[in-house]
Amino acid sequence: MNLVPFHPFDTSTFFPELPIQISEVPGFATSTLQFIREDKLPFGFGTKWRKALGIIQFLKENEIQRILLWGAIHGNYLASFTTILRRSGFFVDVVAYTRDPNLHSYNERLVRGHSHTLVCYANRKTAYEVWLQKEKKYSGLALPEFGIHPGQKYGLISFWMELEKKIKDSLNSFSFVPTSAEFHSHEAIIRMEIGSGATFLSAFDYFYESPILVQGVMVGETKETWLQKREELQKQLGLRNIPIPREQILEIPKNNEKSQTHIQFDNHLNKTSISFGKQSKSSKDWIREFYRNTNILLEPIYSGMTVKPLLREINEKQIAPIFYLHQGGQIQHLDLILEKSPK
Ligand SMILES: *Cc1c(COP(=O)(O)O)cnc(C)c1O
């Protein structure tokens, strides 16, 4: 094989700025809800940028030039890590899987275009076994799925530090009136989905015993199964072993067809009324409607699942201002909102 000479870019010059952008949501008072717009980071990679940067710092400190990744070929994890690592000068080996070999996607193209070597299998188990075999004799960093590795924290901690400052500044600019009588001592809530749970655990660790409460929302699995893995995950991420209070992990209520209330939200700024739709709407339609009302595109698996219940909750009861972390991943799903071009 003809190896490209190894010249990692200086990350300080290659990396785009990754500013923390906090925005309000049309129809909601700033004092109730704001979005942390990680979706606006380049390529829609979202918070994966922060994690990948952390891994790169680890690779540089340990003079590792080669990395072995594995994961779903259509997912944001593999697309972002492959792209960012390749563009930073690392040699990138990829073991991927897809459940539908005929499907082609934005993420898949990023993975294909940025891996030096790539094998793709039709099921996850085979891909994992191949990765395990390769890992044994790999002369570089063999990164577990979702990038679960202590190196992530170098990128995430600086993010939490800066975010904490921004949230504190924001809290000084308004006063919040709770709509729930429930006593609560927290000044603000940061809410995010739990995929692997790495981002949540990092935030939980950072904000532990601070006035900012971190909440995680289950999307892929149940709270029970995830909580059983919590301690092991904290270990693999190099975090402290701290039990998670159960009430900080939320589950999305099952779609209850009986409660088809049409939620109306008053836009305090221009007095127009914005409707976020009937609960019975398909989630794709709901994402489109939310985009039309807010210019924010949600991603169907994560944000698209949790934002509707979040809006409902804000309308009904709320204990503190909520800062919702939109972790990106939406570009893969632009077809939700783009008009089909005529043939
Ligand atoms: C990776 C990802 C998540 C979940 O992050 P974890 O740290 O694995 O829990 C959520 N949303 C999007 C868009 C992601 O790409």
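Our structure is the block above this text.
First, a word on scope: everything that follows refers to the structure included in this document. (Residues numbered from 1 in each chain as written. Predicted model: local features only at pLDDT ≥ 70, side-chain atom pairs only at ≥ 80, totals over all residues. Heavy atoms only, no water.)

### Side note on the overall build of the protein chain
Right, on to step 1. Per the secondary structure count, the protein chain includes ten helices and twelve strands.
Right, on to step 2. Counting the 343 residues in the protein chain, one finds 50% classified as buried.
Right, on to step 3. Here the contacts in the protein chain between residues at least 6 apart in sequence split such that 74% fall between residues at least 24 apart.
Right, on to step 4. Accessible surface, the protein chain: about 17,400 Å² in total, of which carbon and sulfur atoms supply 52%. (Helix = DSSP H or I, 4+ residues; strand = E, 2+ residues; numbered from the N terminus. Buried < 20%, exposed > 50% of the residue type's maximum accessible area, 1.4 Å probe, protein only. Contact = heavy atoms within 4.5 Å. Areas by Shrake-Rupley, 256 points an atom, 1.4 Å probe, with all protein chains shown as cover.)

### Description of the nonpolar core
Right, on to step 1. Counting residues in hydrophobic clusters, the biggest one holds 33 residues, and the most contacted among them are Trp 160, Phe 200 and Trp 226.
Right, on to step 2. Of all the elements in the fold, those that place two or more residues in this core are helix H6 (152-171), strand E7 (188-194), helix H7 (198-206), strand E8 (212-218), helix H8 (223-236) and strand E12 (322-326).
Right, on to step 3. Of all the elements, H6 adds the most residues to this core, at six residues.
Right, on to step 4. In this structure, Trp 226 is in contact with Ile 194, Ser 196, Gly 197, Phe 200, Leu 201, Met 218, Glu 221, Leu 233 and Ile 249, ignoring residues within four places of it in sequence. (Core = buried A, V, L, I, M, F, W, Y, C linked by side-chain atoms within 4.5 Å.)

### Some details on the site of the ligand
Right, on to step 1. Lys 48, Lys 51, Asn 76, Ile 194, Gly 195, Ser 196, Gly 197, Ala 198, Thr 199, Tyr 302, Gln 327 and Gly 328 make up every residue found near the ligand.
Right, on to step 2. Taking Gly 197, its main chain carries an N or O atom lying 2.8 Å from an oxygen atom of the ligand.
Right, on to step 3. Calculation on the ligand without its partners gives an accessible area of 380 Å², and the protein chains cover 95% of this total.
Right, on to step 4. For the shell around the ligand, the secondary-structure elements that each account for two or more residues are helix H2 (48-61) and H7.
Right, on to step 5. Of the residues belonging to the shell around the ligand, the class tally is three nonpolar, seven polar and two charged. (Near = heavy atom within 4 Å. Polar contact = N/O pair within 3.5 Å; in protein donor to acceptor, adjacent residues only side chain to side chain. Nonpolar A, V, L, I, M, F, W, Y, C, P; charged D, E, K, R; others polar.)

### Some remarks on the packing of helix H9 (residues 283-294) against helix H10 (residues 303-316)
Right, on to step 1. Interaxial distance between H9 and H10 falls to 10 Å at its minimum, and their mutual angle equals 65°. Judged by the inter-axis angle, H9 sits roughly perpendicular to H10. For the element pair H9 and H10, the recorded crossing hand is left-handed. Across the interface between the two elements, Trp 286, Ile 287 and Phe 290 of H9 pack against Gly 304, Val 307, Lys 308 and Leu 311 of H10.
Right, on to step 2. When grouped by side-chain class, the residues that make up the contact of H9 with H10 number five nonpolar, one polar and one charged. (Axes fitted to C-alpha atoms, helices over the stretch in contact; angles between N-to-C directions. Parallel < 35°, antiparallel > 145°, perpendicular 65-115°, else oblique. Left-handed = near helix turned anticlockwise from the far one by under 90°.)

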